[in-house]
Amino acid sequence: MTRITIADLPDLGCRSFVHDGEPCFVVMKDGQAYAYKNSCPHLGVELEWEDGKFLDFEGVLIQCAMHGALFLIESGECVSGPCLGQSLQALEARVDNGQLVIASDAG
Ligand code: FES
């Protein structure tokens, strides 16, 4: 199980972390936390252009720094770019007392 503090993240704030040995990240939006594996469906590379920077210039979509694919924050669906129609892999997570809690695949 992985626990990540998110209570200090502002709206549209992002944080990268490692879960089960894999890079992941969380985005806060409208009081909800959206967590994904940090892997672009296009080439499997990590998305951010700088630590903790996952959103596009306007701060409305997740953007891959490699070729600029854009993903919806709420669903991870790619809406522009070379992996159009594919999606980021969402993590099953819950929020507990200001922390994001993700169960391990192994249980
Ligand atoms: S690797 Fe992400 S858009 Fe190409």
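No experiment lies behind these values; they were computed from the predicted model shown.

In terms of helices and strands, the protein carries zero helices and nine strands. The linear arrangement of helices and strands in the protein, starting from the amino end, is β-β-β-β-β-β-β-β-β. The C-alpha atoms of the protein give 13 Å as radius of gyration, which agrees with the globular expectation for 107 residues (13 Å, within 12%). The principal-axis extent of the C-alpha atoms belonging to the protein is close to 35 × 30 × 20 Å. For the protein, the residues scored as buried account for 39% of the 107 residues in total. Per element, the accessible surface of the protein, about 5,900 Å² overall, is 49% carbon and sulfur.

Another point: the environment of isoleucine 4. Among the secondary structure elements, isoleucine 4 is positioned in strand β1 (residues 2–5). Overall, isoleucine 4 belongs to the buried group, its relative accessible area being 11%. Between the C-alpha atom of isoleucine 4 and that of serine 39, which follows or precedes it by 35 residues, the distance is 19 Å. Setting aside anything within four residues of it in sequence, one finds isoleucine 4 in contact with Arg15, Phe17, Gly98, Gln99 and Leu100.

Below, the discussion takes up the sheet that holds strand β8 (residues 93–96). Strand order in the open sheet made by the three strands is β1-β9-β8, with antiparallel pairing throughout. Two strands lie at the open edges of the sheet, namely β1 and β8, each paired on one side alone. Strand-to-strand twist across the sheet, computed as the mean angle between neighbouring axes with direction ignored, equals 25°. Strand direction decides the pairing type here: β8 and strand β9 (residues 99–102), joined by four bridges, are antiparallel. Residue pairing in the sheet places alanine 93 in a bridge with isoleucine 102 of β9.

Our focus in this paragraph is the nonpolar core. Counting 17 residues, the largest nonpolar core has Phe25, Val27, Leu47, Ile62, Phe71 and Leu88 as its most contacted members. Among the elements of the structure, β3 (22–29) and β4 (32–37) are those that each provide at least two residues to this core. Look past the residues within four positions of leucine 47 in its chain and what remains in contact with it is Phe25, Asn38, Ser39, Cys40, Phe54, Ile62, Gln63, Cys64, Ala65, Phe71 and Leu88. In this structure, Cys24, Val26, Ala35 and Ile102 belong to the second largest nonpolar core, which totals eleven residues.

Peptide bonds are, in most cases, trans, and in most cases residues other than glycine have a negative phi. Backbone geometry at leucine 12 places phi at a positive 70°, although glycine is not the residue there. You can call leucine 12 partly exposed: its relative accessible area is 31%.

Here we come to the pairing of β1. Taking every second residue as pointing to the same face, the buried face of β1 carries Thr2 and Ile4, while none of Arg3 and Thr5 on the other face is buried. Sheet topology note: the β1/β9 ladder contains four bridges and is antiparallel. Across the sheet, residue isoleucine 4 finds its bridge partner in β9, namely leucine 100.

The next point concerns the sheet that holds strand β2 (residues 14–19). One open sheet holds the three strands; their spatial order is β2-β3-β4, and the pairing between them is antiparallel. Edge positions in the sheet fall to β2 and β4, since each of these pairs with one other strand and no more. When the angles between neighbouring strand axes are averaged without regard to direction, this sheet yields 25°. As judged from the six bridges shared by β3 and β4, these two strands associate in the antiparallel manner. Bridge assignment links cysteine 24 to a residue of β4, and that residue is lysine 37.

Procedures and definitions
Residues numbered from 1 in each chain as written. Predicted model: local features only at pLDDT ≥ 70, side-chain atom pairs only at ≥ 80, totals over all residues. Heavy atoms only, no water. Helix = DSSP H or I, 4+ residues; strand = E, 2+ residues; numbered from the N terminus. Rg over C-alpha atoms; globule rule 2.2 N^0.38 Å. Buried < 20%, exposed > 50% of the residue type's maximum accessible area, 1.4 Å probe, protein only. Areas by Shrake-Rupley, 256 points an atom, 1.4 Å probe, with all protein chains shown as cover. Contact = heavy atoms within 4.5 Å. Pairing = 2+ DSSP bridges. Axes fitted to C-alpha atoms, helices over the stretch in contact; angles between N-to-C directions. Core = buried A, V, L, I, M, F, W, Y, C linked by side-chain atoms within 4.5 Å.

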